[in-house]
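# Commentary on secondary and tertiary structure
So you can see what is in the structure, the chains are spelled out below.
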Amino acid sequence: MKKIILFIFIILLFIGYSFFDVNKIPKNEESKQVNIDEEKIAINKVFSEFIAAEAYCDITTANKLITEDSKKVVKFTCANMDAEQKCYQERLFKINYKGNQGVLYIDPFNQEKENPFFFTRENDEWKIDFKRMSEGLVMKGNKCDSGWDWRNTDLRDEFCTYFKKDKCPI
């Protein structure tokens, strides 16, 4: 029953998010804004599908949603997938991207909450980039909201490029 409720919640989250920004499109920048929204929707869709795959221990689907380099560093187990998906339930997220790189993070940003997910466009599709995450993030614990930190300044600096100057939350 919990899995069905989670699946319905993810679908509703996706539908609600897809309407949120689209309804606020300024008339003079309509075509440019729609492209930005489509990219954010695509990233959100990959993340939602990944969390749903984790809820059902669908390792095949999860592997389709990550980069090729990520497959070399991540080995999914049903126990790990179940634990992770529970940490991201009922959370609000923001998505930013530039070119072929993007990030999805809990809003408001907080390093005592769950870590951000980084994305890379691979073969014209957004994929979760666990390889970059493994090189740039370090977990402080193995439970929900045990916190995390930056492993190096490269990924931290990239994260800040997604924000306006002097507006990076770290």
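Look a little higher up for the structure.
Conventions used here
- Residues numbered from 1 in each chain as written.
- Predicted model: local features only at pLDDT ≥ 70, side-chain atom pairs only at ≥ 80, totals over all residues.
- Heavy atoms only, no water.
- Disulfide = S-S within 2.5 Å.
- Helix = DSSP H or I, 4+ residues; strand = E, 2+ residues; numbered from the N terminus.
- Buried < 20%, exposed > 50% of the residue type's maximum accessible area, 1.4 Å probe, protein only.
- Pairing = 2+ DSSP bridges.
- Axes fitted to C-alpha atoms, helices over the stretch in contact; angles between N-to-C directions.
- Phe/Tyr/Trp six-rings, centres within 6.5 Å; stacked < 30°, edge-to-face > 60°.
- Arc of directions from axis to C-beta.
- Contact = heavy atoms within 4.5 Å.
- Polar contact = N/O pair within 3.5 Å; in protein donor to acceptor, adjacent residues only side chain to side chain.

## Re the state of the cysteines
In the structure shown here, the tally under the stated rule is three disulfides. The disulfide bridge from Cys-57 ends at Cys-78, spanning 1.8 Å between sulfur atoms. For the disulfide bridge between Cys-57 and Cys-78, the dihedral angle about the S-S bond is near -70 degrees, and by the sign convention the bridge is left-handed. Note that Cys-57 is positioned in the loop between helix H2 (30–55) and helix H3 (59–64) and Cys-78 in helix H5 (residues 78–87), a separation of 21 residues in sequence. Taking the relative accessible area as the measure of exposure, Cys-57 reaches 23% and is therefore partly exposed. Residue Cys-78 is classed as partly exposed on the basis of its relative accessible area of 41%. Note that Cys-160 is cross-linked by a disulfide to Cys-168, the S-S spacing being 2.1 Å. On the S-S bond that ties Cys-160 to Cys-168, the torsion sits near -65 degrees, and the link is left-handed.

## A word on the environment of Lys-71
When you line up the elements, Lys-71 lands in helix H4 (residues 68–71). With a relative accessible area of 27%, Lys-71 lands in the partly exposed category.

## With respect to the sheet that holds strand S1 (residues 93–98)
Hydrogen bonds between backbone atoms are what pair the strands of a sheet, whose relative direction is either parallel or antiparallel. With respect to topology, four strands assemble into an open sheet ordered S1-S2-S3-S4, the strand pairing being antiparallel. Lying at the two open borders of the sheet, with one neighbouring strand each, are S1 and strand S4 (125–128). Averaged over all adjacent pairs, the angle separating strand axes in this sheet is 25 degrees, with direction ignored. Inspection of the sheet shows strand S3 (residues 117–122) paired to S4 by four bridges, in the antiparallel sense. Counterpart to Arg-121 in the pairing with S4 is Trp-126.

## Details of the packing of aromatic side chains
One pass over the full model with this rule turns up 21 aromatic pairs. Here the aromatic rings of Phe-50 and Phe-76 are separated by 5.8 Å at their centres, their planes lie at 55 degrees, and the arrangement is tilted. Here the residue Phe-50 occupies a position in helix H2, and Phe-76 occupies one in the loop between H4 and H5, the gap between them amounting to 26 residues. Take Phe-50: its relative accessible area is 0%, and that puts it in the buried class. Ring centres 6.5 Å apart and planes at 70 degrees place the aromatic pair Phe-118 and Trp-150 in the edge-to-face group. A residue pair is termed long-range when its members are at least 10 positions apart, and Phe-118 in strand S3 and Trp-150 in strand S6 (residues 148–150) qualify at 32 residues. For the pair shown, Phe-118 and Trp-150 are each scored as buried. Of the aromatic side chains, those joined through ring pairs into one cluster are Phe-47, Phe-50, Phe-76, Tyr-88, Phe-93, Phe-117 and Phe-130.

## Things to note about helix H7 (residues 153–161)
When H7 is considered as a whole, its buried residues turn out to be Leu-155, Glu-158 and Phe-159. On an axial view of H7, the arc spanned by its buried residues comes to 105 degrees, and they lie on one face. As for H7, its buried residues are in contact with strand S2 (101–106), S3, helix H6 (130–136), strand S5 (137–139) and S6. Of the residues flanking the start of H7, the one acting as N-cap is Asn-152, its side-chain oxygen 3.0 Å from the backbone nitrogen of Asp-154.

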